[in-house]
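# Summary of the model geometry
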Amino acid sequence: RVDRAGEMRRDYYDIDDFLAREHAVTVEFASGAATVGPEVIGPKAKKDSNGRADVPKEYIAPVPLWWLDGEFANDVWICERPAAFKDDVFALLKAEDGAKITNLRTTCESYFGFARATLDALERQAGDDDEGVIELKEKISDALERRWREVLVDSIGRVGDDDKTERLLSREERRIWDAGRMAQAEYERWRYGRSGRVVATKAVLDNKRQKRG
């Protein structure tokens, strides 16, 4: 994929970016679209005398977000905010302890990647100074901050609820979660490892404290 400057995007081979753009957005085909009737409408797409099935003017349908990366974006208009970014989802995240219990994995597997890609598409469509785009960007930023503070950071160092917490996480959050757990494990090995010298020292000190007591 190329950006507007014609250069290859750095996330072209990023599997998370690819999966995020597989999620659908609802668009309106302002002037219709040629030949893609079967993909958009399905088996009910009407064919002309040449066997070609077009999408009619002003037709509304969901399409994968990656369809909007190229010239096709000039022929469609995102006409509805994805369900993952509805106000009720943001309200749940803002509620007391809401960020800790909201299951973003079931809301959207690639929640924040999909959010970034959707904002990119909306900015190309309406401009980055559009009030609706600015509002959505602020809500997504707030949601990420809450999840980071109340779920990811708070969970580091705690034990016993790993599976419960991980089941709530989106794809991107799980990468952060895994990185944090790996870093914690490395720190514990460094702290109590080093050929057992630190562990032995701790045991000696504990024994001395017990004798003093």
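Residues numbered from 1 in each chain as written. Predicted model: local features only at pLDDT ≥ 70, side-chain atom pairs only at ≥ 80, totals over all residues. Heavy atoms only, no water.

### A short note on the nonpolar core
Test applied: By convention a nonpolar core is built from buried Ala, Val, Leu, Ile, Met, Phe, Trp, Tyr and Cys residues, the set being connected through side-chain atoms within 4.5 Å. Here's how the labels work: a residue is buried when its accessible area is under 20% of the maximum for its type, exposed when over 50%, partly exposed in between, all with a 1.4 Å probe on protein chains only. Strands are runs of DSSP state E lasting at least 2 residues, helices are runs of H or I lasting at least 4, and numbering of each runs from the N terminus. Residue contacts are counted whenever heavy atoms from the two residues lie within 4.5 Å of one another.
Residues Phe29, Leu68, Phe85 and Tyr111 are the most contacted members of the largest nonpolar core, which totals 34 residues. Elements that contribute at least two residues to this core include exactly strand E1 (24-29), strand E2 (59-64), strand E3 (76-80), helix H3 (87-94), helix H6 (111-126) and helix H7 (131-155). Ranked by the residues each element gives to this core, the list is headed by H6, at 8 residues. Not counting residues within four places of it along the chain, the set of residues in contact with Tyr111 comprises Ala84, Phe85, Val89, Phe90, Leu104, Ser170 and Glu172. Within the second largest apolar cluster, 5 residues are counted, among which are Ala99, Val151, Leu152 and Leu169.

### Observations regarding the sheet that holds E3
Put simply, the rule is: A pair of strands is considered paired only if DSSP assigns at least 2 bridges between the two. The axes used here are C-alpha line fits, helices contributing only the stretch in contact, and every angle between their N-to-C directions lies in the interval 0 to 180 degrees.
Spatially, E2-E1-E3 is the arrangement adopted by the 3 strands of the open sheet, whose pairing is antiparallel. The open sheet has two edge strands, E2 and E3, and neither has a second partner. Within this sheet the neighbouring strands show an average axis-to-axis angle of 45°, counted without direction. In terms of strand pairing, E1 meets E2 through 6 bridges, oriented antiparallel. Residue pairing in the sheet places Val27 in a bridge with Ala61 of E2. Its contacts with the sheet put H6 on E1 and E3, and the angle it makes with E3 is roughly 120°.

### Concerning the packing of aromatic side chains
Quick note on the threshold: Under the pairing criterion, centres of Phe, Tyr and Trp rings, with the six-membered ring standing for Trp, must be within 6.5 Å; the plane angle then separates stacked pairs below 30 degrees from edge-to-face pairs above 60, leaving the rest tilted.
For the structure shown, the criterion picks out 4 aromatic pairs. Pairing Phe85 with Tyr111 gives two aromatic rings, centres 5.2 Å apart and planes at 70°, and the pair type is edge-to-face. Here the residue Phe85 occupies a position in the loop between E3 and H3, and Tyr111 occupies one in helix H6, the gap between them amounting to 26 residues. The pair Phe85 / Tyr111 is uniform in exposure class, with both members buried. Residues Tyr111 and Phe112 carry aromatic rings whose centres are separated by 5.0 Å and whose planes lie at 80° to one another, so their mutual orientation is edge-to-face. Phe112 gets classed as buried once you look at its relative accessible area, which sits at 11%.

### Re the pairing of E1
Here E1 pairs with E3 via 4 bridges, running antiparallel. Residue pairing for E3: Val27 is matched across the bridge by Ile78.

### With respect to H6
Put simply, the test is: Multiplying 1.5 Å by the residue count of a helix minus one yields the expected span of that helix.
Its 16 residues place the ends of H6 22 Å apart at the C-alpha level, agreeing with the 22 Å of an ideal helix rising 1.5 Å per residue. For H6, the complete set of buried residues consists of Tyr111, Phe112, Gly113, Phe114, Ala115, Ala117, Thr118, Leu119, Ala121 and Leu122. Just past H6, the residue Gly127 takes up positive phi, approximately 100°.

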